[in-house]
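Geometric and topological summary
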Amino acid sequence: MLLRGLTWLVLFQLLGTALNHLCVPVLPGPIIGLLLLLVFLMLNGEVSAPLSEAASSLLRYLPLLLVPPAVGVMVYAKQIAADFWAIAGALVLSVLISMAFAGVLMNALIKRHARRGEQP
Amino acid sequence: MNFDWQGAWAAVIHHPLFGIGITLGTYQLVLAGFEKTRWVFLQPVLASMALVVAILLLCDLEYAEYRRSTEILGILLGPATVALAVPLYLNLRRIRQLFWPIFTTLVIGGILATGLGVFFGWLFGADHMILMTLLPKSVTSPIAMLVAEQIGGVAALAAVFVLITGVIGAIAGPWLLTRLGVHAPEARGMALGMTAHAVGTSVALQESEECGAFAALAMSLMGVATAVLLPLAVTLVV
């Protein structure tokens, strides 16, 4: 079950890689695979049990898979130290401003959407 | 009889399984700690990363060697990215119901979240490599890492920026949204998931099921939109 789902995921990624080399070099192979799988699911109308099992087990361990690439940060310690305040400031300010903005905007849009629904 | 302690130690730390061993070990340790304390700073990736770096420095091992021995974990990242299509598909019905609010917020908010990071970074004088790595900071790490690599940033740094962004958003976000009078669970979830990805989503899930669903939805939409549009935008602008 798990293996069959995994095979599907690998197949879609390989398909994505092929397309990435043939015609869309800006998009990474796995992302094209994601889009292809989404289209496939929409056409198919449901998620098969093997696929859903493989996807949920892989996504459960996603944080673990990300540890080795994250450790690569030790190679860039010097660059981070050089730009430390710029990085910290940019991250804190942009996150707070964009989150506040997105929340307020969505809140207002939902209210308008609901009002329109009441009086068609 | 004389034991060759040094030789044995070297054989252990240079064994191809050593990297995987410390990764699995620290990850589980951090996860157990997080379950117990629910402390936001114990984000699994961030805390495991810090522990693994400490171990590598103590053992005097190079990153390249660690990377080689954990290659098998890295290979699985691709299929995991493809697997994101499944939760996205399962949320499609919700998207259709509130299509325009979601679409508008995603476009304007997404551009703002991405643009502001680079703008402030540039304003505070960060260099080009750091700026390119700051671009995908609001998306979930696998996508951010892929995109950063694609546009001339550094995948490892992107992962760290993504995590810091998530942790800041998760700590300050709910308070900030309440102060601003954002009470609709859809809007709170959308804001948390869009700007603080997985970490924000986990906070949103604690608020309510609906809030969490919208956060997951916003996170995957933002991820896909960034993956598709950011490389295009960068090739056009730079």
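Model, not experiment: these values are computed from the prediction.

What follows concerns the environment of Leu51 of chain A. Within the secondary structure, Leu51 of chain A sits in helix H3 (residues 49-60). Take Leu51 of chain A: there are 25 C-beta atoms within 10 Å of it, and that puts it in the buried class. Considering only alpha carbons, one finds Leu51 of chain A and Leu3 of chain A, 48 residues apart in sequence, at a separation of 9.1 Å. What Leu51 of chain A contacts, discounting residues up to four positions off in sequence, is Gly5 and Trp8 of chain A together with Val86 of chain B.

Moving on: the interface of chain A and chain B. The interface is formed by 66 residues belonging to chain A together with 84 residues belonging to chain B. At the level of secondary structure, the elements contributing two or more residues to the side of chain A that touches chain B comprise helix H1 (2-22), helix H2 (29-44), H3, helix H4 (62-71) and helix H6 (84-118) of chain A. In terms of residue count, H6 of chain A provides more of the side of chain A that touches chain B than any other element does, 25 residues in total. Its residues assigned to classes, the side of chain A that touches chain B shows 53 nonpolar, 12 polar and 1 charged.

With that out of the way, let us pick up helix H2 (residues 16-37) of chain B. With 22 residues, H2 of chain B extends 33 Å between its outermost C-alpha atoms, agreeing within 8% with the 32 Å of an ideal straight helix rising 1.5 Å per residue. Next to the buried residues of H2 of chain B lie H4 of chain A together with helix H1 (5-13), helix H3 (44-59), helix H4 (63-69) and helix H5 (71-75) of chain B. Arg38 of chain B occupies a position one or two residues after H2 of chain B and carries a positive phi of about 55 degrees.

It is worth spelling out the UniProt feature "transmembrane region" (unreviewed entry) in chain A at this point. Residues and elements named next belong to chain A. In this structure's numbering, the residues bearing the UniProt feature "transmembrane region" (unreviewed entry) are residues 30-49, 61-78 and 84-110. The distance from the first to the last C-alpha atom of residues 61-78 is 30 Å, and the span holds 67% helix and 0% strand. In residues 84-110, helix accounts for 100% and strand for 0%; the two terminal C-alpha atoms are 39 Å from one another.

Residue and element names in this part refer to chain A. Along the chain, Val92 falls in helix H6. Assessed through the 16 C-beta atoms surrounding it within 10 Å, Val92 is described here as partly exposed. Along the sequence, Val92 and Asn20 sit 72 residues apart, while their C-alpha atoms lie 35 Å from each other.

Moving on: the UniProt feature "transmembrane region" (unreviewed entry) in chain B. Residue and element names in this part refer to chain B. Using the residue numbers shown here, the UniProt feature "transmembrane region" (unreviewed entry) corresponds to residues 6-27, 39-58, 70-90, 102-124, 151-177 and 212-237. Regarding residues 70-90, the helix share stands at 86% and the strand share at 0%, and the terminal C-alpha atoms are separated by 32 Å. Measuring from the first to the last C-alpha atom of residues 212-237 gives 35 Å, for a span that is 100% helix and 0% strand.

So, on to the domain arrangement of chain B. Put simply, an interface is often sized by how much accessible area is lost when its parts join up. Looking at chain B, the domain boundaries give domain 1 (1-61) and domain 2 (74-237). Here the side of domain 1 of chain B that touches domain 2 of chain B is composed, by residue class, of 4 nonpolar, 1 polar and no charged.

Ranked by internal contacts, the top residues of the largest apolar core, which has 110 residues, are Ala70 of chain A together with Ala83, Ala85, Ala158, Ala159 and Ala191 of chain B. The element best represented in this core is helix H12 (residues 155-179) of chain B, accounting for 13 residues. Built from parts of two domains, this core gets at least three residues from each of domain 1 (1-61) and domain 2 (74-237) of chain B. Beyond its immediate chain neighbours, meaning those up to four positions away, Ala159 of chain B contacts Leu66, Pro69 and Ala70 of chain A together with Val45, Ser141, Ala144 and Met145 of chain B.

Residue and element names in this part refer to chain A. Where H1 contacts H2, the axes come no closer than 7 Å and their chain directions differ by 120 degrees. As judged from the angle between their axes, H1 and H2 are oblique. Like other packed secondary-structure pairs, H1 and H2 cross with a definite hand, here right-handed. Packed against H1, whose contacting residues are Phe12, Gln13, Leu15, Gly16, Thr17, Leu19 and Asn20, the element H2 presents Gly29, Pro30, Ile32, Gly33, Leu36 and Leu37 at the interface. A per-class count over the contact of H1 with H2 returns 7 nonpolar, 6 polar and no charged.

Criteria and thresholds
- Numbering of residues starts from 1 in each chain and follows the order in which that chain's sequence is written.
- Lettering for chains starts from A, numbering for ligands starts from 1, and both go in the order in which the items are written.
- Only residues with pLDDT of 70 or above have their local features reported here, since the model is predicted, and side-chain atom pairs are shown and tallied only from 80 upward, although totals for entire chains, interfaces and linings are computed over all residues.
- Put simply, DSSP H or I for four residues or longer makes a helix, DSSP E for two residues or longer makes a strand, and each gets a number counted from the N terminus.
- The burial criterion counts other C-beta atoms lying within 10 Å of a residue's C-beta, which is placed from the backbone; the residue is buried at 20 or more, exposed at 12 or fewer, and partly exposed between these limits.
- Remark: residues whose backbone-derived C-beta atoms lie within 7 Å of one another are considered to be in contact.
- Side-chain classes follow a simple rule in which Ala, Val, Leu, Ile, Met, Phe, Trp, Tyr, Cys and Pro form the nonpolar group, Asp, Glu, Lys and Arg form the charged group, and the remainder, Gly included, forms the polar group.
- A helix is expected to span 1.5 Å for every residue after the first.
- UniProt positions are given in the numbering used here, feature names are shortened, and annotations may be inferred rather than shown by experiment.
- Start and end positions for the domains come from either an automated domain assignment or a database one.
- Think of a nonpolar core as buried Ala, Val, Leu, Ile, Met, Phe, Trp, Tyr and Cys residues, each tied to the set through C-beta atoms within 7 Å.
- Each axis is a line fitted through C-alpha atoms, taken for helices only over the stretch in contact, and angles between the N-to-C directions span 0 to 180 degrees.
- Orientation labels follow simple angle bins: below 35 degrees gives roughly parallel, above 145 gives roughly antiparallel, 65 to 115 gives roughly perpendicular, and whatever is left gives oblique.
- Left-handed describes a crossing whose near helix is turned anticlockwise from the far helix by less than a right angle; the clockwise case is right-handed.

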